[in-house]
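# A structural walkthrough
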Amino acid sequence: MSTVANPYTWGTGRRKTAVARVRIKEGTGQFLVNDLPVDSYFLEDVQRHDVRAPLHATELAGRIDVFVNVCGSGKSSQSGAVALGIARAIKEYRPDLEPILREGGFLTRDPRMVERKKYGHKKARKSFQFSKR
């Protein structure tokens, strides 16, 4: 039985309830999200920029292949999760690039989550209309 080294480096990113599992390997710059090209999956320019930002900051765009499985939440949160997953995978792939990723804020997880609804309120903070008389 031969042991073949895994060519992929993994990274996991989360944002709100979105979870992105990212695999990267040396290649020609192929970028697939849920088996679709990244531009077909993320339709907004802001989201496309967010997911490519770690690659451009480290100048690895076009030199590595990125494969992403992402689920949960909405497209905006998914793009944030993908960016964090890519940054973490790059950190494992090339530890010397960690200072660049930290400086750009790509390795910091966004802790903001949806606040729970409270009893006696319509939503998390909105109350029912109050009438004094």
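So, here's what we can say about the structure.

Basis of the calculations
Residues numbered from 1 in each chain as written. Predicted model: local features only at pLDDT ≥ 70, side-chain atom pairs only at ≥ 80, totals over all residues. Heavy atoms only, no water. Pairing = 2+ DSSP bridges. Helix = DSSP H or I, 4+ residues; strand = E, 2+ residues; numbered from the N terminus. Contact = heavy atoms within 4.5 Å. Axes fitted to C-alpha atoms, helices over the stretch in contact; angles between N-to-C directions. Expected span 1.5 Å × (residues − 1). Buried < 20%, exposed > 50% of the residue type's maximum accessible area, 1.4 Å probe, protein only. Core = buried A, V, L, I, M, F, W, Y, C linked by side-chain atoms within 4.5 Å. Phe/Tyr/Trp six-rings, centres within 6.5 Å; stacked < 30°, edge-to-face > 60°. Lys NZ or Arg CZ within 6 Å of the ring centre and 35° of its normal. Salt bridge = Lys/Arg side-chain N within 4 Å of Asp/Glu carboxyl O.

### Points about the sheet that holds strand β5 (residues 64-71)
Read from one edge of the open sheet, five strands run β1-β2-β5-β3-β4, paired in mixed fashion. Edge positions in the sheet fall to β1 (9-15) and β4 (36-37), since each has one partner strand and no second. With eight bridges connecting them, strand β2 (residues 18-26) and β5 associate as antiparallel partners. By the bridge assignment, lysine 25 is partnered in β5 with aspartate 65. On the sheet, helix α3 (residues 75-93) packs against β1, β2, β3 (31-33) and β5 and is oriented at approximately 150 degrees with respect to β1.

### Let's talk about α3
The terminal C-alpha atoms of α3 lie 26 Å apart, and with 19 residues this matches the ideal 27 Å at 1.5 Å per residue to within 8%. If you check which residues of α3 are buried, you get Ser77, Gln78, Ser79, Ala81, Val82, Ala83, Leu84, Gly85, Ile86, Ala87, Ala89 and Ile90.

### Focus on the pairing of β5
Along any regular strand, the residues point their side chains to alternate faces of the sheet. Of all eight residues that make up β5, six are buried, and the element is covered over most of its length. Relative to β5, β3 is paired through three bridges, and the arrangement is parallel. If you follow phenylalanine 31 over to β5, its bridge partner there is valine 66.

### Points about the nonpolar core
By size, the foremost hydrophobic cluster in this structure holds 27 residues, and its most contacted members are Phe31, Val66, Val68 and Ile90. Put simply, the parts of the chain that give this core at least two residues each are β2, β3, α1 (38-41), α2 (45-57), β5 and α3. The leading source of residues in this core is α3, at six residues.

### Considerations on unusual backbone geometry
With a phi close to 50 degrees, asparagine 34 is a non-glycine residue in the positive phi region. Here aspartate 35, not a glycine, exhibits a phi torsion of approximately 65 degrees, which is positive. Note on placement: aspartate 35 falls in the loop between β3 and β4. Under the relative-accessibility criterion, aspartate 35 is labelled exposed at 70%.

### Some remarks on the packing of aromatic side chains
Across all of its chains, the model carries two aromatic pairs by this definition. Note on tyrosine 8 and phenylalanine 67: the rings are 6.1 Å apart at their centroids and 80 degrees apart in plane angle, and the pair reads as edge-to-face. Of this pair, tyrosine 8 sits in the segment before β1 while phenylalanine 67 sits in strand β5, and the two are 59 residues apart along the sequence. Among the residues examined, tyrosine 8 registers a relative accessible area of 23% and is labelled partly exposed. Centre to centre, the rings of tyrosine 41 and phenylalanine 42 are 5.0 Å apart; their planes meet at 90 degrees, and the pair counts as edge-to-face. Residue class for tyrosine 41 comes out buried when judged on its relative accessible area of 11%. By relative accessible area, which is 0% here, phenylalanine 42 ends up buried. Lying across the ring of tyrosine 8, arginine 23 places its NZ or CZ 4.5 Å from the centre. The ring of tyrosine 41 has lysine 75 lying over it, and the distance from NZ or CZ to the ring centre is 4.0 Å.

### Regarding the pattern of salt bridges
Two side chains of opposite charge can pair, provided their charged atoms sit close to one another. The tally for this structure, following the rule as stated, stands at nine salt bridges. Close ionic contact of arginine 48 with aspartate 45 constitutes a salt bridge, the shortest N to O distance being 3.8 Å. Here aspartate 45 and arginine 48 lie together in helix α2, a separation of three residues that amounts to about one turn. Take aspartate 45: its relative accessible area is 59%, and that puts it in the exposed class. Each of Asp39, Asp45, Arg48 and Arg52 takes part in salt bridges that share partners, so that together they form one network.

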